[in-house]
Amino acid sequence: MVKREIRIARRSRFFCVMESLVLAKFILATPWLLYLAVKDYRTRQLPNSVTLGGAAVMVAAALGYDIQYCVGSLITGAVCALFLLLPFFLRAAGAGDVKMLFAAGIIAGPGNVLNLILMVSFAGLVLAFAMLFFKAVNPARLKHYLRCVFDFKYDRQEGRKSLPPSESEACRVPFGVAIAAGLFINLSLQVLAVYYAS
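Residues numbered from 1 in each chain as written. Predicted model: local features only at pLDDT ≥ 70, side-chain atom pairs only at ≥ 80, totals over all residues. Heavy atoms only, no water.

Novice: What is the right way to look at the nonpolar core in this model?
Specialist: Nonpolar side chains tend toward joint burial in soluble globular proteins. Core analysis: the biggest nonpolar cluster contains 35 residues, and Trp32, Met100, Ile179 and Leu183 have the highest contact counts within it. Of all the elements in the fold, those that place two or more residues in this core are helix H1 (2-43), helix H2 (48-65), helix H3 (67-83), helix H5 (95-108), helix H6 (113-133) and helix H9 (175-197). The element that contributes the greatest number of residues to this core is H5, accounting for 8 residues. Those residues within four positions of Met100 in sequence are excluded, and the remaining contacts are Trp32, Leu33, Leu36, Leu46, Thr51, Gly176, Ile179 and Ala180. (Core = buried A, V, L, I, M, F, W, Y, C linked by side-chain atoms within 4.5 Å. Buried < 20%, exposed > 50% of the residue type's maximum accessible area, 1.4 Å probe, protein only. Helix = DSSP H or I, 4+ residues; strand = E, 2+ residues; numbered from the N terminus. Contact = heavy atoms within 4.5 Å.)

As structure tokens, this is what we get:
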């Protein structure tokens, strides 16, 4: 009987600490996400001091919770950053996006790699379609790539000559907005999960 009460007390203490950690992450990350999303949308730049500073704050919070949780968070951040490494080398994503996704992985915490990447990918897809619909981004590159895949009579060399430069801001989607939206959804789901579990 006493052992059962001890287990129940430990479990309730765990949920209380986990609940406060999830709420702290949600409260600390929300203004950080808003700032980075607006900054990336307006300037297409994500400052190192803000992205890596946010990662450092969350590593300190995770370290205050538990060393294993901190190591798991760092591994989650590294795996999430690997997701954008190939687009970074192909110049489809910037270094700020990779660093922000690393920080987002740390904030999401262990066990959230797939969930975070799916949420970020879905948010990026919605953002890209919205920007194309409202003509906030030049669709010439997308049209060119689609014609390369589906139109066998299309002259790829001539089509490539008429494309705007890939460094042009008119061709770039601010992926920091998608990362912010995906992490916000992920943290909201974590808050709901902790709320309904207790």
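Having seen the model, we can carry on.
Novice: When you look at H6 in this model, what are you seeing that I'm missing?
Specialist: Residues spaced three or four apart along an α-helix face the same direction, because each turn holds 3.6 residues. Taking 1.5 Å of rise per residue, 21 residues should cover 30 Å, and H6 covers 30 Å from first to last C-alpha, within 8% of that figure. Along H6, the residues that are buried comprise Leu116, Ile117, Val120, Ala123, Gly124, Leu127 and Met131. Along the axis of H6, the buried residues cluster in a sector spanning 135°; they form a single face. Across from the buried face of H6, at angles greater than 90 degrees, the exposed residues are Leu114, Leu118, Phe122, Phe129 and Phe133. Of the residues trailing H6, Lys135 is marked for its positive phi of about 55°. (Expected span 1.5 Å × (residues − 1). Arc of directions from axis to C-beta.)

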